[in-house]
Amino acid sequence: MYAVIQPSSSCICRSIARTQATASITQLYQAEVKRGKLREDGKQLVLLKYLDELKDDLDNFRAPASNSFLSRLFSSSRSSSAEVVKGLYVYGNVGCGKTMLMDLFYDNMDSVSKQRTHFHDFMLDVHERIHEYKLTLPPKHISDRKNYDPIPVVARHIASETKLLCFDEFQVTDVADAMILKRLFEKLFDAGVVMIATGNRKPDDLYKNGLQRSNFLPFIPLLKSHCVVLDMDSVVDYRMTSPKPLKIPGGKSFVVDNNTILDDIFLHLTNTTVKDAVPRPLTFLGRQLTIGMSVDKVLMTSFKEICEGTLGSSDYRAIAREYSHVLIKDFPQLSLGNKSSLRRFIIMMDTFYDRSVKLVISCEVPMVDIITLQDTHQAAEDLRLLMDDLGLTQEEAETMNLFTGEDELFSQKRALSRLHEMQCLDYWDLPHQKRSK
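What this report covers is the structure whose coordinates are included nearby. Owing to the predicted nature of the structure, the values given are computational and were not obtained by experimental measurement.

**Things to note about helix H8 (residues 175-190)**
Then, number 1: Between its first and last C-alpha atoms H8 spans 24 Å; for 16 residues at 1.5 Å apiece the expected length is 22 Å, and the two agree.
Then, number 2: Bending of H8 peaks at approximately 45° at the position of Leu-181.
Then, number 3: Burial in H8 covers these residues: Asp-177, Ala-178, Ile-180, Leu-181, Leu-184, Phe-185, Leu-188 and Phe-189.
Then, number 4: The inward-facing, buried residues of H8 contact helix H5 (119-135), helix H7 (150-161), strand S4 (164-168), strand S5 (194-199), helix H9 (213-216) and helix H10 (219-226).
Then, number 5: N-cap assignment for H8: the residue whose side-chain oxygen lies 2.8 Å from the backbone N of Ala-176 is Asp-174.
Then, number 6: Where H8 ends, the next residue or the one after it, Gly-192, has phi of about 90°, a positive value.

Right, here's the structure in full:
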């Protein structure tokens, strides 16, 4: 059987419109509650209170004085309004409204320069900036580790571009990211940058059991000192409520033995048959990627091509920039037994969701069963082989974040939740974002 993922109204209204600048974030929220677009939630109201206070603080934002000799001479202290502006770190289960409220705040915050992005994308950009900076230096400077440190330069450039950073999915899994976070954000906070972040872990559990975590730990008190920490944990996933069908070909829950349904949807979206579509190379980061068949902003591809190859985050970002609609054929049921494909799918989902890409897939199972969260014999065998390659004992492996799977389990649940949201009619009405907001 083939299940077609189709939009419904299960999203938490990411389409809340920008309103008058005089309205508070809480007033905008309450207006959507009155319209029946949202349900009033106690924990969301607490977060809204902090967002309103933060908006007032940022509207009166004054950047820290420079650390030049003259500024030190004529200033008795570094105290300024910018230094008392604390950001927010919000954590909780999937679908509790963290991202929706952060986006509502972001869309109605105009008094400071701002950037809203997925945290993983932000760190990729940081590493790219570090690489570009290295290219400007002679080899002898790079080899002189005592005097060479690209972090202050990169942080200074970022701070010159934005004063408000909004991160979706603040999750630290990469040792390369973990090693530089403290120094990077110390410089950003010193420059007056304010951060809002959503995540699934409380600060003390970030990068839990990760490699060389002792080097990461100083970041945690730094984060706490510059952000109010809010727990929005909830048993309710608002993305899973009130489904509505999509009025395009294949607007039923299941299509029995009919993989050509995506061909009909492709024709509906492009007025062109798939056989008349052509491959189109995408050029980015000095290389080319050719995937599937496309017409204008609509891409037809297969699961094997988009999730079983060697594609990574930068590839999915390029696809998300280029295409507003992606149709994927022959989607299998995913489990920990095919972990590489599952991880690519999760990265792809986060990237597409962040840029409002519309996704339709044909699948062997109902949507609720696309990802099976239980372990499998094959996953256990993969773990054993990886342990052998790394020379780890079972006890050592169990203490490592790589094998505990807590972050991965949350990522899978988030992907399923976002699949439901991406079915909603409001989501399909959202404009395509070629890059993070």
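That shown, we press on.
**Here we look at the sheet that holds S5**
Then, number 1: Strand order in this open sheet of five strands is S3-S4-S5-S2-S6, and the pairing throughout is parallel. In this open sheet, the two strands that pair with only one neighbour each are strand S3 (114-118) and strand S6 (227-231). In this sheet, neighbouring strand axes are inclined to one another by 10° on average, regardless of whether the strands run parallel or antiparallel.
Then, number 2: For strand S2 (residues 87-91) and S5, the ladder comprises four bridges, and the chain directions are parallel. Paired with Tyr-89 across the two strands is Ala-197, which belongs to S5.

**Quick notes on the packing of aromatic side chains**
Then, number 1: One pass over the structure, following the stated rule, counts 17 aromatic pairs.
Then, number 2: Both rings, one in Phe-331 and one in Phe-345, keep their centres 5.2 Å apart while their planes meet at 70°; by these two values the pair is edge-to-face. Linking Phe-331 in strand S12 (residues 325-331) with Phe-345 in helix H14 (residues 339-354), this pair joins segments that are 14 residues apart in sequence. For the residue pair Phe-331 and Phe-345, the accessibility class agrees, reading buried in each case.
Then, number 3: Pairwise contacts between aromatic rings join Tyr-89, Tyr-91, Phe-119, Phe-122, Phe-167, Phe-170, Phe-185, Phe-189, Tyr-207, Phe-216 and Phe-219 into one cluster.
Then, number 4: Of note, Lys-49 hangs over the ring of Tyr-50, and the distance from its end group to the ring centre comes to 5.1 Å.
Then, number 5: Cation over ring: Lys-114 sits above Tyr-106, and NZ or CZ is 4.4 Å from the ring centre.

**Topic: the pattern of salt bridges**
Then, number 1: Under the definition given, this model contains 23 salt bridges.
Then, number 2: Between Arg-317 and Glu-128 there is a salt bridge, with the nearest N and O atoms lying 3.4 Å from each other. Taken together, the residues Arg-317 in helix H13 (residues 313-322) and Glu-128 in helix H5 connect sequence positions 189 residues apart.
Then, number 3: Classification of Glu-128 by relative accessible area gives partly exposed; the value is 27%.
Then, number 4: Overlapping salt bridges, with partners in common, bring together Asp-103, Arg-116, Asp-121, Glu-128, Asp-168, Glu-169, Arg-317, Asp-350, Asp-354, Arg-355 and Arg-418 in one network.

**Things to note about H7**
The periodicity of an α-helix, 3.6 residues per turn, causes residues three or four places apart in sequence to face the same way.
Then, number 1: Compared with an ideal rise of 1.5 Å per residue, which puts 12 residues at 16 Å, H7 spans 17 Å between its outermost C-alpha atoms and is within 8% of the ideal.
Then, number 2: Taken as a whole, H7 has its buried residues at Pro-150, Ile-151, Val-153, Val-154, Ala-155, Ile-158 and Ala-159.
Then, number 3: Lining the buried residues of H7 we find H5 and H8.
Then, number 4: The backbone nitrogen of Ile-151 lies 3.1 Å from a side-chain oxygen of the residue at the head of H7, namely Asp-149.

**Here's the deal with the packing of helix H1 (residues 25-34) against helix H2 (residues 42-59)**
Then, number 1: Between H1 and H2, the least distance of the axes is 8 Å, while the angle of their chain directions is 140°. Regarding the angle of H1 to H2, the classification is oblique. When H1 is examined against H2, the residues Ile-25, Thr-26, Tyr-29 and Gln-30 are found in contact with a partner set consisting of Gln-44, Leu-45, Leu-48, Lys-49, Asp-52 and Lys-55.
Then, number 2: The class makeup of the residues in the contact of H1 with H2 is four nonpolar, three polar and three charged.

Cut-offs and rules
Residues numbered from 1 in each chain as written. Predicted model: local features only at pLDDT ≥ 70, side-chain atom pairs only at ≥ 80, totals over all residues. Heavy atoms only, no water. Helix = DSSP H or I, 4+ residues; strand = E, 2+ residues; numbered from the N terminus. Expected span 1.5 Å × (residues − 1). Bend = angle between axes of the 7 residues up to and from the residue. Buried < 20%, exposed > 50% of the residue type's maximum accessible area, 1.4 Å probe, protein only. Contact = heavy atoms within 4.5 Å. Polar contact = N/O pair within 3.5 Å; in protein donor to acceptor, adjacent residues only side chain to side chain. Pairing = 2+ DSSP bridges. Axes fitted to C-alpha atoms, helices over the stretch in contact; angles between N-to-C directions. Phe/Tyr/Trp six-rings, centres within 6.5 Å; stacked < 30°, edge-to-face > 60°. Lys NZ or Arg CZ within 6 Å of the ring centre and 35° of its normal. Salt bridge = Lys/Arg side-chain N within 4 Å of Asp/Glu carboxyl O. Parallel < 35°, antiparallel > 145°, perpendicular 65-115°, else oblique. Nonpolar A, V, L, I, M, F, W, Y, C, P; charged D, E, K, R; others polar.

Such coordinate-based values are descriptive only and should not be taken to indicate function.
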